[in-house]
Amino acid sequence: MFYILCTAIVLLPVFWGIGAWIRCFFRLPLSASWEITAGMMTVSIIWTVISFFFPLNLTVEWITVLIGILGFFRGRKYQLLYPFYSEHWKIFVPFSLFAFFSGSFYPFILDFFGYYLPTVRWLSEAGMVKGISNLDLLLGQMSLWHVLQAGFSGFSDPFLRLNSLVVVVFLIYILEKKNFAYLLFLPLFLLYTQSPSPDLPVMVFSLMVLGELFSGSRNLKFLFLFAVYVFVIKPTMLWLPLLVMLYGCVVLKKYLGFLLPGLLLAGLFVVKNLWTFGYPVFPIVAFDVGIPWKPNAEIMEISHQIGVQKTFDMQYSYSEIQKFGVAEYFFRWLFLKGIKSLIHISFVVSLIGFSIYSFCIRKKIVFLVLISVLIKSTLILVFSAQYRFFIDVFLVMVFVVLYPYQKKGNKVFVSLSFAAILLVTLMLAFPNLLKKAVPSFRPGSFMYGFEGKQMFKPSEYKWGKYTTYRIGNLKFNMVEGYPYSFDTPLPAISPEFVKEDLDAGIFPQKNSIQLKNGFFWRTISEKEKQKLEEILSERKRNFERK
């Protein structure tokens, strides 16, 4: 916890200072929270460009920290600290401490081990690697949020708890705007502070953009750019730039010139995906421009089938799902076994209720929000209707409904939020309570509770067991006794992807000696296939002995 506090002391002024520099180019909303988030966006974009040429190492980190601190003092932002603290310390201090404390627990989201941490390590040690999806398909995503996290993983935030700072920034936003109703979102957000999950920043940033739109902001150029930034962090947030565009055209009746900065960022997003994945948008196999390092078609088909199965929480095989008609498909998705069914039913009922609310309230901006989330929900239902892809839709609907009450009943909202935060903290500290209450909630089984040492530094996993193999010109490391190669030296391949490569009859190869130059796939020989089978069989025997 102490380490996270130190990270906040360093990085909040850095982001604020860089946001102050950006004010020279964009008309930002007048608030510390917006300058800090603008700083985050700016660093993410610049570092994404840099990562094509250099790893995001200590040199990059030191230079960025110095520039940010210089901007913080040049803009005299320190003069704003005491007035803010003296007015809001009774809420700011305890809620911030809860954000730091919750972030000190062990990560429990499985994507941390198979996706977040490996991505951060590749970016910090090698940079943006061409065709890395041929080594590990998940790494083809390379979210801009992980770019930001990778660059600060040297000394500023070595435990990857940047999300705790995002919660603090949202708290600053709430206190600046005096929108105390939105404190009710904080208990949910605390569940994302243990890992660099991109889900948290996109939820927080989208709510901040909504706040600006509902307050009648005319700062379209920056808001659309920032909305696109949210989209490139996580493409399931397509609804947000769509909403800002509709707001500019329909409500403010502006020409489309304000779209240009956002479209340039979207162009960088496409280039990044073509470089790492071979197609414009991960993981969609569409708009093929003939990139030679694009993934194998059979591997992509396996990925598609797994995505379809995850829609149904892996409760049906792909062949069974293919036999469903449209009505049966929706019915079985709606009534899955376990807590997922409750979430899906709540989602559908909420959409229906929000649609009725939108037509009753008859406000143009509310109707535009409805159109945007309906488009997003339809796309999610078509591609992969996993509950984690539409949590933000719940938040948007709650935001809109609470908006008229945002500055009423402050004490009630503070008390409710504080009580809910205590409950969430209790579940993190004593996860057996959650496991017994909701046994079908899978992430709960990966929570390990409170340890005294986390008051000083955040809890982290260390494994370090691996074996080195060679196929063709690729010498790679594979974890032993665990499914994910989260701390295995690079280049590392998880056993699951080795198995998929074997089934497809291919294996990744290096373009050159340097990992930075990337990977391609080639068909393997019978001898290489036999060697891979022996590797997997040996690993299975070792795993069973344990």
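All figures in this text were calculated on a predicted structure; none of them were measured in a lab.

Caption draft 1: Here's a closer look at the layout of surface pockets. Counted as a void, the second largest pocket has a volume near 600 Å³. The wall of the second largest pocket is formed by 24 residues, among which Leu12, Leu81, Phe84, Phe92 and Ile172 lie closest to the centre. Secondary-structure elements contributing two or more residues to the lining of the second largest pocket are α1 (2-22), α2 (32-51), α4 (81-103) and α7 (162-177). With 11 residues, the top contributor of residues to the lining of the second largest pocket is α4. Residues of the lining of the second largest pocket, tallied by class, amount to 20 nonpolar, two polar and two charged.

Caption draft 2: Structural context of the packing of aromatic side chains. Tallied over the full model, the rule gives 63 aromatic pairs. On the numbers, 5.8 Å between centres and 50° between planes, the contact of Phe226 with Tyr229 is tilted. Of this pair, Phe226 and Tyr229 both sit in helix α10 (residues 220-233), three residues apart, which is roughly one turn of the helix. Summarising the aromatic geometry, the rings of Phe390 and Phe394 are spaced 6.4 Å apart at their centres and angled 55° between planes, so their arrangement reads as tilted.

Caption draft 3: Region of the structure containing the nonpolar core. Core analysis: the largest hydrophobic core is formed by 177 residues, its most contacted members being Trp122, Phe170, Phe189, Phe205 and Tyr229. If one sorts the elements of this core by residue count, α10 sits on top with 13 residues. Those residues in contact with Trp122, other than ones at most four positions away along the chain, are Gly127, Val129, Ile132, Leu135, Leu139, Met142, Leu490, Pro491, Ala492, Leu515 and Phe519.

Caption draft 4: Molecular detail of a positive patch on the surface. Where like charges cluster on the molecular surface, the positive patch consists of Arg470, Lys475, Lys527 and Lys531. Within the secondary structure layout, Lys527 lies in helix α22 (residues 526-545). Exposure remark for Lys527: the relative accessible area of 70% places this residue in the exposed category.

Caption draft 5: Examining empty space enclosed by the protein more closely. Taken as a whole and assessed by the stated rule, the structure comprises five cavities of 30 Å³ or more. As a volume, the largest cavity reaches approximately 90 Å³. Contributing to the lining of the largest cavity are 13 residues, with Ser133, Asn134, Ile299, Asp501 and Ile506 lying nearest its centre. For the lining of the largest cavity, the element with the most residues is helix α21 (residues 495-504), which contributes three residues. Grouping the amino acids of the lining of the largest cavity by side-chain chemistry returns seven nonpolar, three polar and three charged. A volume near 70 Å³ is recorded for the second largest cavity.

Caption draft 6: Representation of the confidence of the model for the chain in the model. Looking at the chain as a whole, the pLDDT averages 89, with 97% of positions reaching at least 70. Looking across the chain, the model is least confident in helix α20 (residues 432-437), with a mean pLDDT of 73, and most confident in helix α6 (residues 144-151), with 96.

Thresholds, definitions, all that
Residues numbered from 1 in each chain as written. Predicted model: local features only at pLDDT ≥ 70, side-chain atom pairs only at ≥ 80, totals over all residues. Heavy atoms only, no water. 1 Å grid on protein atoms, 1.4 Å probe; cavity = no way out; pocket = protein on both sides within 12 Å on 5 of 7 lines; lining within 4 Å. Points joined across faces, edges and corners; volume = space filled by probe spheres on them. Helix = DSSP H or I, 4+ residues; strand = E, 2+ residues; numbered from the N terminus. Nonpolar A, V, L, I, M, F, W, Y, C, P; charged D, E, K, R; others polar. Phe/Tyr/Trp six-rings, centres within 6.5 Å; stacked < 30°, edge-to-face > 60°. Core = buried A, V, L, I, M, F, W, Y, C linked by side-chain atoms within 4.5 Å. Buried < 20%, exposed > 50% of the residue type's maximum accessible area, 1.4 Å probe, protein only. Contact = heavy atoms within 4.5 Å. Patch = residues over 30% accessible without salt bridge, like charges linked within 9 Å, V, L, I, M, F, W, Y side chains within 5 Å. Areas by Shrake-Rupley, 256 points an atom, 1.4 Å probe, with all protein chains shown as cover. Salt bridge = Lys/Arg side-chain N within 4 Å of Asp/Glu carboxyl O. Lys, Arg positive; Asp, Glu negative; His and termini not counted. Charge placed at Lys NZ, Arg CZ, Asp CG, Glu CD. pLDDT = per-residue confidence, 0-100.

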